[in-house]
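# Observations on chain architecture
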Amino acid sequence: MRQVHLKSNAKILLIRTDRLGDVILSTPVATAIKQVLPDSRIAFLSRNYTRDLLEQHPDIDDVLVEDEMKHEKGAIDILRRKKFDVCIALHPDARWAWRTYRAGIPVRIGTAYRAFSVFYNYRVFEHRKHTNQHEVEHNLNLLKPLGISPETVLFRFNVPESVQKKTRLLLEQKGWNPNQPLIVLHPGSGGSAVDWPAASFGQLAKVLRGRNLAVAVTGVAAEKELIDRVVRTAQTELLRFDDELNLLELAALLKQASVVVANSTGPLHLAVAMGTEVVGLYCPVPPCHPQRWGPYGRSDSVLVPQHVSCKTCDSKRCAQTRCMEQITVKMVLEKVLEKLQNGI
């Protein structure tokens with residue numbers, strides 16, 4: 001593979017405009033670059049809703065927002081004015097492949113197996129759908145043309161102390177005793193995964209409360225009905241946060257938690273980035289499998305239905321086969337208690 005020789009103060013653009021979890025799993029790329037080129041300037045192009053979190057990343061110097069660059073000519077003009085030396089397409093996207101090409105960015109790195117890969121002049125030959133590697137590792141592999149091969153993977157996010165204090169106060173106002181271990185349940189996934197049933201989350205919450213543990217339930221506005229079902233099943237007092245927290249406040253809440261239980265979704269990866277113990281609930285369908293999308297470095301923190309053949313199934317049919325019901329409340333409880341013990 002051809003190698004790029006960069007100046008020490010190179011201006012590098014990372015592009016990832018999909019979902020929260022994808023963005024979090026891409027940020028170790030910025031850290032890996034900074035470890036080799038500490039004087040480089042790194043910009044991250046993302047969607048608006050991840051901006052606040054990225055702006056708190058110590059290895060990201062600038063955040064560009066796709067929502068503010070919708071017009072083709074305007075987006076290309078912005079890229080030209082920024083005078084980037086390198087761009088790395090962490091997620092294949094035809095629009096941004098074309099725009100970075102038209103902007104004349106000298107080094108354009110991306111995957112090789114797309115029709116629009118012709119717009120990249122440094123290509124990494126990988127099929128992400130047919131691999132045993134984690135998404136984090138795929139992202140880091142895109143650094144190969146720069147000769148960067150990090151030995152460790154680091155997630156580095158800062159949550160302002162003011163946000164942490166505000167979130168702790170909100171928890172206490174809802175009835176949390178700071179001496180109680182806090183378990184956060186995130187029962188939704190925004191359609192990115194096949195979810196553990198709401199009734200199971202509710203039953204888990206009931207058992208956890210019976211052990212004198214504080215339980216918070218989080219979600220966005222569209223998941224209000226889902227959280228309603230969890231609360232009805234639990235039949236006990238829960239700390240409810242549906243569409244009440246911004247992204248930094250959610251990060252602060254997850255940082256405060258002793259354990260986070262979630263489906264395969266962004267808040268699970270955010271909890272890992274905050275250094276919190278997690279229990280991830282995954283279906284075995286290959287595109288959703290924890291081997292690629294699990295909490296990075298936490299293979300002992302996932303539960304997956306066993307003895308299920310996915311060869312004739314896909315994520316759209318999982319709701320019919322109901323394989324996630326094979327993950328029992330007892331199994332999740334035991335994993336939560338194990339994680340709590342680890343944290344003592």
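Scroll up a little and you will see the structure.
Read on for an overview of the structure. (Residues numbered from 1 in each chain as written. Predicted model: local features only at pLDDT ≥ 70, side-chain atom pairs only at ≥ 80, totals over all residues. Heavy atoms only, no water.)

Right, let's talk about the pairing of strand β5 (residues 107-111) for a bit. Where burial is concerned, most of β5 is hidden: 5 out of the 5 residues are buried. Both strand β4 (residues 86-89) and β5 contribute to a ladder of 3 bridges, which runs parallel. Within the sheet, the bridge partner assigned to Val-86 lies in β5 and is Val-107. Following the backbone out of β4, through helix α5 (residues 94-102) and into the adjacent parallel β5, one traces a crossover that is right-handed. Relative to strand β6 (residues 122-124), β5 runs parallel, the two being bridged by 3 bridges. (Buried < 20%, exposed > 50% of the residue type's maximum accessible area, 1.4 Å probe, protein only. Helix = DSSP H or I, 4+ residues; strand = E, 2+ residues; numbered from the N terminus. Pairing = 2+ DSSP bridges. Right-handed = clockwise from strand over helix to strand, strands pointing away.)

It is worth spelling out the side chain of Asp-18 at this point. With respect to the secondary-structure elements, Asp-18 resides in the loop between β1 (11-15) and α1 (20-26). At a separation of 2.9 Å, a polar atom in the side chain of Asp-18 contacts the side chain of Arg-16. If we skip the residues at most four places from it in the chain, Asp-18 touches Val-23, Arg-47, Tyr-49 and His-91. (Polar contact = N/O pair within 3.5 Å; in protein donor to acceptor, adjacent residues only side chain to side chain. Contact = heavy atoms within 4.5 Å.)

Below, the discussion takes up the pattern of salt bridges. In total, this model carries 25 salt bridges according to the counting rule given. The salt bridge involving Asp-228 is made with Arg-240; its shortest N-O contact spans 2.5 Å. Taken together, the residues span a long stretch of sequence, with Asp-228 in helix α9 (residues 224-234) and Arg-240 in strand β9 (residues 239-242) at a distance of 12 residues. Judged by its relative accessible area of 23%, Arg-240 falls in the partly exposed class. It is possible to trace a salt-bridge network through shared partners that takes in Arg-16, Asp-18, Asp-22, Glu-135 and Arg-292. (Salt bridge = Lys/Arg side-chain N within 4 Å of Asp/Glu carboxyl O.)

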